Amino acid sequence: MTEKNKYERVDEAVEGYTQDRQPGIEKDMDPKPVFEDENYKGSEKLKDKVAIITGGDSGIGRAVAIAYAKEGANIVIGYLDEHDDAEKTKEIAESHGVHCETYAFDVKKKEECEKLVKFTIDNFGKLNVLVNHAGVQYPTEDFLDITEAQIRETFETNIYGFIFMAQAAVPHLNKGDAIINTTSVTAYRGSPELIEYSATNGAITSFTRSLSGNLAEKGIRVNGVAPGPIYTPLIPATFSAEKVEKHGGSTPMGRRGQPSELAPSYVMLASNDSSYMTGQVLHVNGGDFITT
Ligand SMILES: NC(=O)C1=CN([C@@H]2O[C@H](COP(=O)(O)OP(=O)(O)OC[C@H]3O[C@@H](n4cnc5c(N)ncnc54)[C@H](O)[C@@H]3O)[C@@H](O)[C@H]2O)C=CC1
Ligand SMILES: CC(=O)C(C)=O
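Everything numeric in this text was worked out from a predicted model, so none of it was measured.

(A) Focus on the pattern of salt bridges. Within this structure, the stated rule accounts for 16 salt bridges. Ionic pairing is found between Lys90 and Glu94, a salt bridge with its closest N-O pair at 3.5 Å. Residue Lys90 and its partner Glu94 are both found in helix H3 (residues 83-94); the two are separated by four residues, about one turn of the helix. You can call Glu94 partly exposed: its relative accessible area is 30%. In this structure, the salt-bridge partner of Lys243 is Glu193, at a minimum N-O distance of 2.7 Å. Taken together, the residues Lys243 in helix H9 (residues 241-246) and Glu193 in the loop between helix H6 (186-189) and helix H7 (195-215) connect sequence positions 50 residues apart. With a relative accessible area of 36%, Lys243 lands in the partly exposed category. Of the residues examined, Glu193 reaches a relative accessible area of 27% and is grouped as partly exposed. Residues participating in the shared-partner salt-bridge network are Asp106, Lys108, Lys109 and Glu153.

Dropping the structure here:
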């Protein structure tokens, strides 16, 4: 693929459309997200490591799973119920010569998070990297329309789930291992129609910093990635058709990002390339300046 073609592919226009359930389904998206950069060649940065990626069946998580596979990691994908998407990600990951298992679970439930980690240890004998990525959002125009149930669902999925997964994982992690939490640009600049969602991302950023200090002595690094607007199933599953069409248009780069453009940051934070980084967040957002 020439550089020009590569750029055109990333910048593909998206006509407005919606999906009628959350989590959305990648298989049903048109156009499909770009989940793999064919020019990305692995160099064994994660060789023989074992990674859990929650929300790894689709979107950014799928792109991370494929990049980790190219770097030699065996993978367990945790996801809610999008079985076809999960199988497709497993198939692509395994085409790179690693083992990939899929595991349907509810990240809101502590005991299911513990079972996912046990499943990983039973299958692979160890765990080196936890990517906390599963999340939901419920855009709501009027602040007063945000229901108690919606607040609970968003917090229980987006931050309780991250903490439950980290608590289950930490006893198995050792020096050099890593936790990576997906937060969002909305944690830093807010979002008038994603109020409780942005608050969970603020919590994820604080959780990342706090846990990094707690685990630094053990040599376990904890970092985050804060994506801007990225074309994933989350977007048509939760935004109006008009918002889907315009998504990302107001960033300095003037476009949405593709999942493949996030994956290298997750590789860096999982590998020795970030050996002197902990408690940090990488901002992959099309050019928004972030002040902390
Ligand atoms: N797409 C975007 O523009 C942005 C996304 N993010 C973050 O990315 C994550 C969402 O991933 P995307 O790749 O965008 O979309 P996605 O729709 O591909 O991923 C959402 C994932 O969350 C999982 N999930 C939802 N509820 C769950 C539950 N109760 N138990 C287990 N898994 C559950 C789904 O199975 C799915 O894999 C969220 O954490 C979100 O905050 C952050 C900033 C921007
Ligand atoms: C969903 C989300 O966090 C953005 C930035 O679109």
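Following the structure, the description resumes.
(B) Molecular detail of the site of ligand 2. Residues in contact with ligand 2, as listed here, are Gln137, Ser184, Val185, Thr186, Tyr197, Gly228, Pro229 and His247. Within the side chain of Tyr197, a nitrogen or oxygen atom sits 2.9 Å from an oxygen atom of ligand 2. His247 places a side-chain nitrogen or oxygen 3.3 Å from an oxygen atom of ligand 2. Calculation on ligand 2 without its partners gives an accessible area of 220 Å², and the protein chains cover 91% of this total.

(C) Structural detail: the packing of helix H2 (residues 59-70) against helix H10 (residues 263-270). At a closest axis distance of 8 Å, the pairing of H2 and H10 adopts a crossing angle of 55°. Our classification of the angle between H2 and H10 gives oblique. The crossing of H2 and H10 is right-handed. Two secondary-structure elements touch here, H2 through Ile60, Ala63, Val64, Ala67 and Tyr68 and H10 through Ala263, Tyr266, Val267 and Ala270.

(D) Highlighting the site of ligand 1. Close contacts around ligand 1 come from 31 residues, with Asp57, Ser58, Tyr197, Ile230 and Thr232 the closest. Here an oxygen atom of ligand 1 sits 3.2 Å away from a polar atom, N or O, in the main chain of Gly135. Backbone polar atom of Gly228 to an oxygen atom of ligand 1: 3.4 Å apart, as the coordinates give it. Burial of ligand 1 by the protein amounts to 97% of the accessible area it has alone, namely 820 Å². Residue composition of the shell around ligand 1, grouped by class: 15 nonpolar, twelve polar and four charged.

The rules we used
Residues numbered from 1 in each chain as written. Chains lettered and ligands numbered in written order. Predicted model: local features only at pLDDT ≥ 70, side-chain atom pairs only at ≥ 80, totals over all residues. Heavy atoms only, no water. Salt bridge = Lys/Arg side-chain N within 4 Å of Asp/Glu carboxyl O. Helix = DSSP H or I, 4+ residues; strand = E, 2+ residues; numbered from the N terminus. Buried < 20%, exposed > 50% of the residue type's maximum accessible area, 1.4 Å probe, protein only. Near = heavy atom within 4 Å. Polar contact = N/O pair within 3.5 Å; in protein donor to acceptor, adjacent residues only side chain to side chain. Areas by Shrake-Rupley, 256 points an atom, 1.4 Å probe, with all protein chains shown as cover. Axes fitted to C-alpha atoms, helices over the stretch in contact; angles between N-to-C directions. Parallel < 35°, antiparallel > 145°, perpendicular 65-115°, else oblique. Left-handed = near helix turned anticlockwise from the far one by under 90°. Contact = heavy atoms within 4.5 Å. Nonpolar A, V, L, I, M, F, W, Y, C, P; charged D, E, K, R; others polar.

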